[in-house]
Amino acid sequence: MLNETTKEIKDRSALVVNPAKTCQPIGAMYAALGIHKCLPHSHGSQGCCSFHRMHLARHYRDPIAASTSSFTEGACVFGGKSNLKTGLENVFAIYKPDVVAVNTTCLSETIGDDLNDIILSTKIPEGKTVIYANTPSYQGSHVTGFSNMTKAMVTHLVNKNKLIGNGRLAVIPGYVEPSDMAEIKRMFAMMNVPITMFPDTSGVVNSPNTGKYEMYPEGGVTVEELSDLGNCESTIALGSFSSEAAAFELEKIADVEANVLNVPIGIKATDDMMMKVMEITGLEMSKELEFERGQLVDLMTDIHFHYHGKKVAIFGDPDIIIPMTEFVISLGMIPKYILTGTPGNAFEKAIGKILADAGIEDSKFKAGGDLMELHQWMKNDPVDMLIGNTYGKYISRAEDIPLIRLGFPILDRVGHSLFPVVGYKGAMRLIEKISTAFLDKYDRECDDDDFELVM
Ligand code: SF4
């Protein structure tokens, strides 16, 4: 437990305590699962692959299929070329995927295996494809891995010969839940805007129990759809850390305009996405979405006294916590501490601007930080609520404040893979969670005289 965390903050340049991120291949594997009939392949030891699969399976509570090059001492010394070649032949023969998405690991990157060379010299069965991304875990985070694999989808699969506009928008949803991807698709459908979403893990890692194991569930973007991305009218990339690299790659190779926005968490980020859709398509706002937005505004005003003025600490992936910071400000809360484990100046710039625009001066924020530092900030000047992934539960218990579970991974609660937090509906769900957490704590702790029926 973390009750003994000290208030005194010492400079640590070479020690991370309780990281606020995980390793690159996890994100790469998650992105790869968003291609229909794709088997992710981890080029490294069995241990890496088991860890990645375990983390994803615990978060999604669904089986996560992936293969591995299964490095042993020999591969560590001589390189993993023969392991990968044999592995790919076996995978296509036994598991029959349409695509294999290879990610590297710390070990194969340190050895210096040349994936391009290995894959070019491997016999790939007719009609099958291999894509690959370099994902060394000593750089970036799982978000970087997601970004690298999503970019690889464009690099390796998009047909560069532009034919004719297909009338679709390419939408890159960012490193969000399958439920969020489904919600974004629902919103575009309500606008009558045809899209190709990639990657798309909805229906893959939150598939229904039919009583029959499907190695490749129904969901996921198809290879044909990825090949046709170059004919899209424009790209909407949600979340600069996880999506902009793929969007710029598509712009570079097929001249499809890239529009990079925040993940639509909260009212402002969702409004921004809808404004951009209207600007690109020339369409009017859908009546149903306008109705949902009105409900959100109504809820925000009805119960603002549940959360207004409360101080909150937020941690997690940059693309999630940037719009979440914006959202808590629009609820009248004070984002006191904002921290991500993913490195990158863009995060500090974005948060700095949001705080400055809101006139908030004494908040702390950091990219590449860890949970010990966040906890120490909170020890010195407490907050009322913590928002972040499951790893925050130790801090929440030590400080006796509610934890709103948001982001990756969530290993001790359910719902995230089924119910969205994006869009107007998602914002209402977040308000419900925040408000309920405060009221539950009050009901638990207040005197009998203050125990109210109506709140
Ligand atoms: S060795 Fe590297 S790639 Fe493998 S699990 Fe550890 S951090 Fe991830």
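Residues numbered from 1 in each chain as written. Predicted model: local features only at pLDDT ≥ 70, side-chain atom pairs only at ≥ 80, totals over all residues.

Trainee: Explanation requested: the environment of Thr68 in the structure shown.
Mentor: In this fold, Thr68 is placed in strand β2 (residues 67–68). Note: C-alpha distance between Thr68 and Glu279 (211 residues apart in sequence) is 45 Å. Thr68 has contacts with His41, Ser42, Gly44, Gln46 and Cys49, leaving out every residue within four places of it along the chain. (Helix = DSSP H or I, 4+ residues; strand = E, 2+ residues; numbered from the N terminus. Contact = placed C-beta atoms within 7 Å.)

Trainee: Which parts of the structure should I look at to understand the sheet that holds strand β3 (residues 99–104)?
Mentor: Across a sheet, strands are paired by hydrogen bonds formed along the backbone, either parallel or antiparallel in direction. Spatial ordering of the open sheet is given by β2-β1-β3-β4, a layout of four strands whose pairing is parallel. Edge positions in the sheet fall to β2 and β4 (129–133), since each of these pairs with one other strand and no more. Taken together, the five bridges between β3 and β4 define a ladder with parallel strand orientation. In the strand pairing of β4, Ala101 is matched with Ile131. The strands touched by helix α7 (residues 142–157) within the sheet are β3 and β4, with β4 carrying the most contacts at an inclination of about 140°. (Pairing = 2+ DSSP bridges. Axes fitted to C-alpha atoms, helices over the stretch in contact; angles between N-to-C directions.)

Trainee: What am I meant to see in the site of the ligand here?
Mentor: Taken together, the neighbourhood of the ligand is formed by Cys23, Pro25, Gly44, Cys48, Phe51, Thr105, Cys106 and Ser137. Here the residues of the shell around the ligand sort into five nonpolar, three polar and no charged. (Near = placed C-beta within 6 Å. Nonpolar A, V, L, I, M, F, W, Y, C, P; charged D, E, K, R; others polar.)

Trainee: Can you walk me through the domain arrangement of the chain in this structure?
Mentor: Here the domain parsing of the chain yields domain 1 (24–157), domain 2 (169–207 + 216–283) and domain 3 (291–449). For domain 1 and domain 3, the distance between their C-alpha centres works out to 34 Å. Contacts between the two partners involve eight residues from domain 1, matched on the other side by 12 residues from domain 3. Ranked by the residues each element gives to the side of domain 1 that touches domain 3, the list is headed by helix α2 (residues 46–60), at four residues. Class assignment for the residues of the side of domain 1 that touches domain 3 results in two nonpolar, four polar and two charged. (Domains from an automatic or database assignment.)

Trainee: It is not clear to me how unusual backbone geometry should be interpreted in this structure. Could you clarify?
Mentor: Most peptide bonds are trans, and most residues other than glycine sit at a negative phi. Omega for the peptide link from Phe198 to Pro199 comes to -15°, which places this bond in the cis form. Relative to the helices and strands, Pro199 resides in the loop between β6 (195–197) and α9 (223–227). That bond from Phe408 to Pro409 is cis: its omega, 0°, falls within 30 degrees of zero. Positive phi values are uncommon outside glycine, yet Asn192 reaches one of about 60°. Judged by the 9 C-beta atoms lying within 10 Å of it, Asn192 is exposed. With phi around 60°, Asp255 is a residue other than glycine that occupies positive phi space. Mapped onto the elements of the fold, Asp255 is located in the loop between α10 (240–254) and β8 (257–261). (Buried ≥ 20, exposed ≤ 12 C-beta atoms within 10 Å, placed from the backbone.)

Trainee: Which parts of the structure should I look at to understand the pairing of strand β11 (residues 364–367)?
Mentor: On any regular strand, side chains alternate: one points to one face of the sheet, the next to the other face. Where burial is concerned, the two faces of β11 differ: the one with Phe365 and Ala367 is buried and the one with Lys364 and Lys366 is not. With four bridges joining them, strand β10 (residues 334–340) and β11 adopt parallel strand pairing. Residue Thr340 lies in a different strand from β11, and its bridge partner there is Ala367.

Trainee: What am I meant to see in the nonpolar core here?
Mentor: Within soluble globular proteins, side chains that are nonpolar tend to cluster in buried spots. Core analysis: the biggest nonpolar cluster contains 124 residues, and Ala32, Ala101, Met149, Met153, Leu250, Ala313 and Met324 have the highest contact counts within it. In this view, Ala32 contacts Cys38, Pro40, Ala101 and Met149; residues no more than four positions away in its chain are not counted. (Core = buried A, V, L, I, M, F, W, Y, C linked by C-beta atoms within 7 Å.)

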